[in-house]
Amino acid sequence: MVEFRYRDDEVTEQPSVTLDAFLDQSNATAVRLEPDDDARALIPFLDRLTLIEVAFPKFRDGRGYSSARILREAGYTGELRAQGDVLVDQIAFMRRCGFDSFAPEGSLNPADVEAAFARYENVYQGAADAAVPVWKLRHG
Amino acid sequence: MYKYDNYDQAIVDARVAEFRDQVNRRMAGEITEDQFKPLRLMNGLYLQLHAYMLRVAIPYGTLDSRQTRMLAHIARKYDRDYGHFTTRQNIQYNWIKLEECADLLEDLASVEMHAIQTSGNCIRNISSDQYAGAAADEVADPRPLAELLRQWSTFHPEFSYLPRKFKIAVIASPEDRAAMRLHDIGLELVKKDGVLGARVFVGGGMGRTPMIAPEINPFVEADDLLSYIEACLRVYNRYGRRDNVYKARIKILVHEIGADEYRRQVTEEFAHVKTLGIDPPLAELERITAFFAPPAFEATEAEPDRSDPDFAVWLDQNVKPHKQAGYAIVNISLKPIGGIPGDASSSQIDVMADLAEKYSFDELRVTHAQNIVLPYVAKRDLYAVWHALREAELANANLDLISDIIACPGLDYCSLANARSIPIAQKIATRFADAERQRDIGELKLKISGCINACGHHHAGHIGILGVDKKGVENYQLTLGGSGAEDVSIGKITGPGFDEDGIIDAVEKAVEKYRELRDGDERFVDTYRRVGMEPFKEAIYG
């Protein structure tokens, strides 16, 4: 269940398929990546995907952060959804890595989520979001 | 010294507010200890055997007097009047109350300090050479790059949930005073055709599987370094093992796929990452470098008066040559005979702060050997400094001698430990209390860990001791021949372990064997390397 979505386009209705299934056939437009899937396998197909769902079975497993950045760096502009053990204290990092929708297993308080996004006005490093790193602000 | 600008300060202040909110939610019962644990662990707060322990970051081990006084204040106000300097150049407080933690962090933030990423599976505090800016053999001051890395790694969104913790060290001298190749990433600054860059070593570490980091790249230019390190981390985040916590460090990945394959993947990833524009311009490194400009040294030729014999002993043992004529590097040993390695009382910390302010251009360093350095002392002031140190019981003249022991907190504090470390350190130091005998033995780096995690660096000890639990009884294994310096090596185990008294005797037998076998002014570790394990084994078990 998508609880938080930061896009204006329509939610895709198609269920997502596994990476293997997608690579085998298919004309699916939604795919789901598990932590040990290599996101780079999707790079040739990005323009026909409207949803990539990245699974976080355990919050400690941070592979999905790299998957998200790799997809955004390759030019993917469709919906990038974090699904699973998504906690309020991680959600700002996820958004910086390019996720723009969130389907947490447990429910999150919308006010807490807003507070988490607003907590840090500045960031030290470039990532997959629009935030301008401090070094760039310092040097104009 | 680096000084925060408004951006740096705002980020640290926001972290205090965030942590205060997390603690309040925990205290109000809104989140469980299970949910709170990963949050506090992102901020250096551990639940130990008796109380909460808070680890405070000391970036690349550098402090000014104002910060140092704050560390004393924190020990007084929130702890039991002392702090413990660690092998990662940080300080730990052992008796912290959860409800006071946010106030403590707010006090720290008022002097540009924090506890960010001092635990958790993220990039930890960047460590460096305690003689940075003062060593004659450095090609550049390593701290500006360390500060650049501190900022880049702080709240890095992609690398905050790595397979395991990640430690980076930066040095800039051929002599390695920071155990650089025993880090997840070790950087040695070098110059090539006048251009500053770094040799990059990846996959070193201690723990239960000690590894010396292989060189992955002989020269990465300074303005490519962040991209290159980002590529190193991304390969690790993707392929580092997550099925077994003991095999999750990057050293296991580099070892399993091999340095060549790891290098190939990093090179490929770097080619991509470099196009993203994430490297700050050299102007940012230059901005930071300006904060580390050499202090206003005076032209002075004065040599200290050596007529006081106790002073002369300390001078020869603890004071090191400086790159600036007329100046010296002073090492303050936190290893009194029978004391707890790395501990200092609030009043001792204050004394060191005062001395730094008065005699060392307001700077101090923490060393990975759990000592303190005054990096810029005029030679004419050495006697006054020694006097003040002696008053505070800080003039132990044992730097790099057998009683200058590295020891982890062990079972006296740590919830991971299998055996006590501190009493072993105390007993060994007491056994070798005779200062003349210690000096005759010469450089001997003895390191003690209370469990396999090796926080006490036992693998890198000329003599290493590892405490294990043997059917409910503390047992101590002995290793010989390790080194964390430029002659880096991993110690080898002598044989069956010992009980508490047995290990002290075994150390003494090994040392006496060395005295018998040594050739000229050969160090313990050099004799061991020359003659091998057998003669020592015979002496110990025979």
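Residues numbered from 1 in each chain as written. Chains lettered and ligands numbered in written order. Predicted model: local features only at pLDDT ≥ 70, side-chain atom pairs only at ≥ 80, totals over all residues.

A. Up close: the sheet that holds strand E5 (residues 91–96) of chain B. All names here are of chain B. Spatially, E1-E2-E5-E4-E13 is the arrangement adopted by the five strands of the open sheet, whose pairing is antiparallel. This sheet does not close on itself; its edge strands, each paired only once, are strand E1 (45–47) and strand E13 (343–345). Adjacent strand axes in the sheet meet at a mean angle of 30°, parallel and antiparallel pairs treated alike. For strand E4 (residues 82–85) and E5, the ladder comprises two bridges, and the chain directions are antiparallel. Paired with histidine 84 across the strands is glutamine 92, a residue of E5. Against the sheet, helix H4 (residues 101–109) engages E1, strand E2 (52–56) and E5, with an angle of about 15° to E2. (Pairing = 2+ DSSP bridges. Helix = DSSP H or I, 4+ residues; strand = E, 2+ residues; numbered from the N terminus. Axes fitted to C-alpha atoms, helices over the stretch in contact; angles between N-to-C directions. Contact = placed C-beta atoms within 7 Å.)

B. Region of the structure containing the sheet that holds strand E3 (residues 62–64) of chain B. Residue and element names in this part refer to chain B. On the basis of which strands lie adjacent, the open sheet formed by five strands has the order E3-E14-E15-E12-E11 and antiparallel pairing. Of all the strands in the sheet, the pair left with one neighbour each is E3 and strand E11 (319–321). On average, each strand axis in the sheet is tilted by 30° relative to the strand beside it, whichever way the strands run. One ladder, built from three bridges, connects E11 with strand E12 (residues 327–332); its direction is antiparallel. Note on E12: the bridge partner recorded for valine 319 is valine 330.

C. Layout of the pairing of E12(B). All names here are of chain B. Buried residues dominate E12, accounting for six of its six residues. Side-chain alternation along E12 places Tyr327, Ile329 and Asn331 on one buried face and Ala328, Val330 and Ile332 on a second face that is also buried. Counting the residues that bridge the hairpin from E11 to E12 gives five residues, and of these glycine 326 lies at a positive phi of roughly 85°. Judged from the five bridges that link them, E12 and strand E15 (residues 372–378) form a sheet pairing that is antiparallel. Looking across to E15, one finds that alanine 328 is bridged to valine 377. (Buried ≥ 20, exposed ≤ 12 C-beta atoms within 10 Å, placed from the backbone.)

D. Structural context of helix H3 (residues 65–78) of chain B. All names here are of chain B. Compared with an ideal rise of 1.5 Å per residue, which puts 14 residues at 20 Å, H3 spans 20 Å between its outermost C-alpha atoms and is within 8% of the ideal. Along H3, the positions that sit buried rather than exposed are Ser65, Gln67, Thr68, Arg69, Met70, Leu71, Ala72, Ile74 and Ala75. Of the surrounding secondary structure, the elements contacted by the buried residues of H3 are E3, E4, E5, H4, helix H11 (346–359) and strand E14 (363–366). (Expected span 1.5 Å × (residues − 1).)

E. The arrangement of the pairing of strand E17 (residues 446–449) of chain B in detail. Residue and element names in this part refer to chain B. Burial along E17 is two-sided: the residues Leu446 and Ile448 and Lys447 and Ser449 are all buried. The sheet contact formed by strand E16 (residues 406–407) and E17 spans two bridges and is parallel. Paired with isoleucine 406 across the strands is lysine 447, a residue of E17. One ladder, built from four bridges, connects E17 with strand E18 (residues 463–470); its direction is parallel. Each bridged residue has a counterpart across the sheet, and for leucine 446 the counterpart in E18 is isoleucine 463.

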